[in-house]
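Residue-level structural notes
Here is what each chain is made of, one letter per residue.
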Amino acid sequence: VIGVAPEGFDGVFTNGEIVRVIGEQERVVAEWPSRTAPYVPPIETRHGFVGLSRGRKRLDLWLVGNGRHTRVDRDVAQSFAVSSGAKKIAYGLPRYESDGYHTRLIVATLPEGRRLNSVAIENYAQPIGFIGDRVLITVGDALARVSLWDPATGEVQPFDQYGSAGTTDATARRALLY
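Residues numbered from 1 in each chain as written. Predicted model: local features only at pLDDT ≥ 70, side-chain atom pairs only at ≥ 80, totals over all residues. Heavy atoms only, no water.

1. Looking at the overall build of the protein
- Check the secondary structure of the protein and you find zero helices and 18 strands.
- For the protein, the C-alpha atoms occupy an extent of roughly 50 × 35 × 30 Å along the three principal directions.
- Residue burial in the protein is summarised as follows: out of 178 residues, 45% are buried.
- Within the protein, residue pairs in contact and separated by at least 24 positions form 29% of the contacts whose partners lie at least 6 positions apart.
- Roughly 9700 Å² of accessible area belongs to the protein as shown, and the carbon and sulfur atoms make up 45% of that amount.
- Separation between the mean location of the 21 positive side-chain charges and that of the 20 negative ones in the protein comes to 5 Å. (Helix = DSSP H or I, 4+ residues; strand = E, 2+ residues; numbered from the N terminus. Buried < 20%, exposed > 50% of the residue type's maximum accessible area, 1.4 Å probe, protein only. Contact = heavy atoms within 4.5 Å. Areas by Shrake-Rupley, 256 points an atom, 1.4 Å probe, with all protein chains shown as cover. Lys, Arg positive; Asp, Glu negative; His and termini not counted. Charge placed at Lys NZ, Arg CZ, Asp CG, Glu CD.)

Next up, the structure:
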């Protein structure tokens, strides 16, 4: 087993397959674009499974389901977030330049992938989860800090005293900062 399935999913990710386990029965419900799903396991949504796969240069973000494999974007950060109701996805496009990392954070629609909002961050940044309509992110590579991005205004509010975080339920508008 390479990854663990998300909460509420009765299956596993193994060797490029998402397998649903019901009692003693196993059934392949999706085939991933690669044998692994690096960093975070695919998330099951009403549109299919969303997750990362190795790309030509870095990581690609995929939506896999209903017999389709749709690449949402290429060369993305090591994490992503799906909103409550799976209507939106947040991800980052990091680029390394001579003065360090710069990341374009994006919120797009699911399943279409139409970009709704974006903001430029002067560092490596990646989404962790949605808190209502806002996106919880980490900024920085080795010594990351937590921030909250409001896609409607473009405002990024840093919480410098916290290095990591996790969302609870996106509809609860709460997160754990640590």
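2. Here we look at the pairing of strand E12 (residues 115-121)
- In terms of strand pairing, strand E11 (residues 100-109) meets E12 through six bridges, oriented antiparallel. If you follow arginine 104 over to E12, its bridge partner there is alanine 120.
- Hairpin connection between E11 and E12: a loop of five residues separates the two successive antiparallel strands, and glycine 113 in this loop has a positive phi of roughly 85°. (Pairing = 2+ DSSP bridges.)

3. Details of unusual backbone geometry
- Looking along the chain, the bond that leaves leucine 110 and enters proline 111 is cis, with omega of 5°.
- Note that proline 111 resides in the loop between E11 and E12.
- Even without a glycine there, the phi angle at asparagine 15 is positive, about 50°.
- Relative to the helices and strands, asparagine 15 resides in the loop between strand E2 (11-14) and strand E3 (17-22).
- Of note in this structure, asparagine 66 is not a glycine but carries a positive phi near 55°.
- By the secondary structure assignment, asparagine 66 is in the loop between strand E7 (59-65) and strand E8 (68-76).

4. Describing the side chain of serine 147
- Counting through the fold element by element, serine 147 comes out in strand E15 (residues 145-149).
- Of the residues examined, serine 147 reaches a relative accessible area of 1% and is grouped as buried.
- If we skip the residues at most four places from it in the chain, serine 147 touches Val135, Leu136, Ile137, Val139, Val156, Gln157, Pro158 and Phe159.

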